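# Coordinates in review
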Amino acid sequence: MGDISRVQRRTITDQEAENITRVEELAYELKVDTVMTRDPITVTPETKMEDTLDLFRSKRISGAPVISHDELIGIISIEDLILCLQKNDLDSPVSKYMSTNLLTITGSEPVIEALKLFASSHFGRLPVLNSNKKLVGILTKGNITNGLLNALQIDYHEEEVRRYRASHLFEDINSDRSSLILRYNIKQGDFIHGGTASSAIKLALLRLGASPQIARRTGIAVYEAEMNLIIHSTNGGVIRVEIEPHQISINISDDGPGIEDIELAMRPGYSTANETVRELGFGAGMGLVNIQRCVDSMRLESVYGKGTNLKLKILLQKEDKFGEGTPGNKEK
Amino acid sequence: MNIQEVITALNLNVLTEKKDFSHIIPTCGYTSDLLSCVMAGAPHQAIWVTLQAHSNIVAVATLLEISAIIITEGAAPDPATIAKANEEGVIMLSSDKPSFYVIGKLWEMGLRSE
């Protein structure tokens, strides 16, 4: 099963780059009350500093909210205790040393708000209140780090499971010839979604365990064909991708207008794209040339006035096959 | 050279979400405004310099795993394009300067064509 560890190592590097932004996203998504410590240990203003010291030591905490008649009135921290120790004043009550100038946060706020408060103050912990201003928890930077790590792990695990399951599809399902067919309907003129189908196909191939090179070649070929449907077709068209353990067959078809001169269309630099489309950077006359470069076989059939059918095949070498753990060597 | 150094040296505007760019290392540079040429020629993890600012540059950059797009001549992508780039994790930067100037600076900084 050494192959599986190779797959996993590749996905980790993929993931690493994404995690940077994912942490930022999570800071906005995660709510304070999902990461805070619930029902924190509290003291009263009358608690002696000596008892507070014992409490901190036995519970291994470094701060506690001060509650009086069910209301939060202050916070006592290890720094306050140190000051008290220096003065040899452990007999005094908490009320003498606690901070009453409090920063608090509401449990329903996103973690990013807490991070901002931590950054702009010297506080190491924030009491968390509910909508009725009652104390429901306490939040430290450590809680946030743990919360983010847990959330990332869940995210990561989900993608791992997806890839693991998908990459074993062809091994787990037994038939004389298994294939997976993906279909995408492409609308004429839909520049906004241009590239959506090709990106989805690329991701599907990666999840199935295809090598990055195969996924990239397929992505480029399908992108060019997808843009052709958007730019040139009369009513849009359909992309059909059939994935088999030994090959990827791609079929792109539309019902018009058809290509007048296929030989001319295949010539590098030749394009029938109009001025508006060219301004968007399309119509370089390289689309079909690019497709040909990326695939192992290409068949273009078109009847002018009827429609076009483009058939592509990408063959998978032994080392490219799905689910066998591809060596994630660097592509160009 | 990392993307943060490029942003600082060329005084680029960061159009997509600000993040830690210092760990993103471009492999080389590429320029063209014709998307099919980019598809054919832009290497993996390259910096792509273009004056195209419409949404399809995001699709191209995603498929090719471009490390960052620098949009030149002050061309401004619309908010939907920026949103799409954020969604796909594509870094979009912009400069008021023409492409030639931007590429010249990048070359001076040591970035090469493949």
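Residues numbered from 1 in each chain as written. Chains lettered and ligands numbered in written order. Predicted model: local features only at pLDDT ≥ 70, side-chain atom pairs only at ≥ 80, totals over all residues.

Before going further, it helps to examine the overall build of chain A. Within chain A, the regular secondary structure consists of 12 helices and 11 strands. Counting across all 332 residues of chain A, residues that qualify as buried make up 33%. Counted over contacts in chain A with a minimum sequence separation of 6, partners at least 24 positions apart contribute 65%. (Helix = DSSP H or I, 4+ residues; strand = E, 2+ residues; numbered from the N terminus. Buried ≥ 20, exposed ≤ 12 C-beta atoms within 10 Å, placed from the backbone. Contact = placed C-beta atoms within 7 Å.)

Turning next to unusual backbone geometry. Most peptide bonds adopt trans geometry, and most residues besides glycine take a negative phi value. Residues and elements named next belong to chain A. Put simply, glycine 256 and proline 257 share a cis peptide bond, and its omega is 5°. Inspection of the secondary structure assignment puts proline 257 in the loop between strand S9 (247-254) and helix H10 (262-265). The phi dihedral of aspartate 39 is positive, around 40°, even though this residue is not glycine. Tracing the backbone shows aspartate 39 in the loop between strand S1 (37-38) and helix H3 (49-59). Look at aspartate 39 and you get exposed, because 9 C-beta atoms sit within 10 Å. One non-glycine residue, asparagine 88, lies in the positive phi region at around 55°.

This part is about the interface of chain B and chain A. On the side of chain A, 25 residues touch chain B, which itself brings 20 residues to the contact. Elements with a contribution of two residues or more to the side of chain B that touches chain A: helix H2 (35-41) and helix H3 (56-64) of chain B. Among the elements that take part in the side of chain B that touches chain A, H2(B) stands out by supplying five residues, more than any other. When grouped by side-chain class, the residues that make up the side of chain B that touches chain A number eight nonpolar, eight polar and four charged. (Nonpolar A, V, L, I, M, F, W, Y, C, P; charged D, E, K, R; others polar.)

Residues and elements named next belong to chain A. Here valine 32 lies in helix H2 (residues 32-35). A tally of 25 C-beta atoms within 10 Å means that valine 32 is categorised as buried. Sequence separation between valine 32 and isoleucine 144 is 112 residues, and the spatial gap between their C-alpha atoms is 8.2 Å. In contact with valine 32, not counting residues within four places along its chain, are Ile105, Gly107, Glu109, Val111, Ala114, Val128 and Leu139.

With that settled, the discussion passes to the nonpolar core. Counting residues in hydrophobic clusters, the biggest one holds 71 residues, and the most contacted among them are Ala221(A), Trp48(B), Val60(B), Ala61(B), Ile69(B), Ile70(B) and Leu93(B). Per element, the largest residue contribution to this core is 11 residues, and it comes from helix H9 (residues 212-232) of chain A. The contact partners of Ile69(B), leaving out residues within four places of it in the chain, are Trp48(B), Thr50(B), Ile57(B), Ala61(B), Val90(B), Met92(B) and Leu93(B). (Core = buried A, V, L, I, M, F, W, Y, C linked by C-beta atoms within 7 Å.)

Strands belonging to one sheet form pairs held by backbone hydrogen bonds; the direction of such a pair is parallel or antiparallel. All names here are of chain B. Taken in spatial order, the five strands line up as S1-S5-S4-S3-S2 in an open sheet, and their pairing is mixed. On the outer flanks of this sheet lie strand S1 (13-14) and strand S2 (29-31), each paired with one strand and no other. Where strand S3 (residues 47-50) lies against strand S4 (residues 68-71), four bridges are found, and the strand directions are parallel. Among the inter-strand pairings, tryptophan 48 is bridged to a residue of S4, identified as isoleucine 69. (Pairing = 2+ DSSP bridges.)

Summary statistics for chain B give a mean pLDDT of 93 and a share of 100% for residues scoring 70 or more. Here the predicted complex scores 0.60 on pTM and 0.71 on ipTM. (pLDDT = per-residue confidence, 0-100.)

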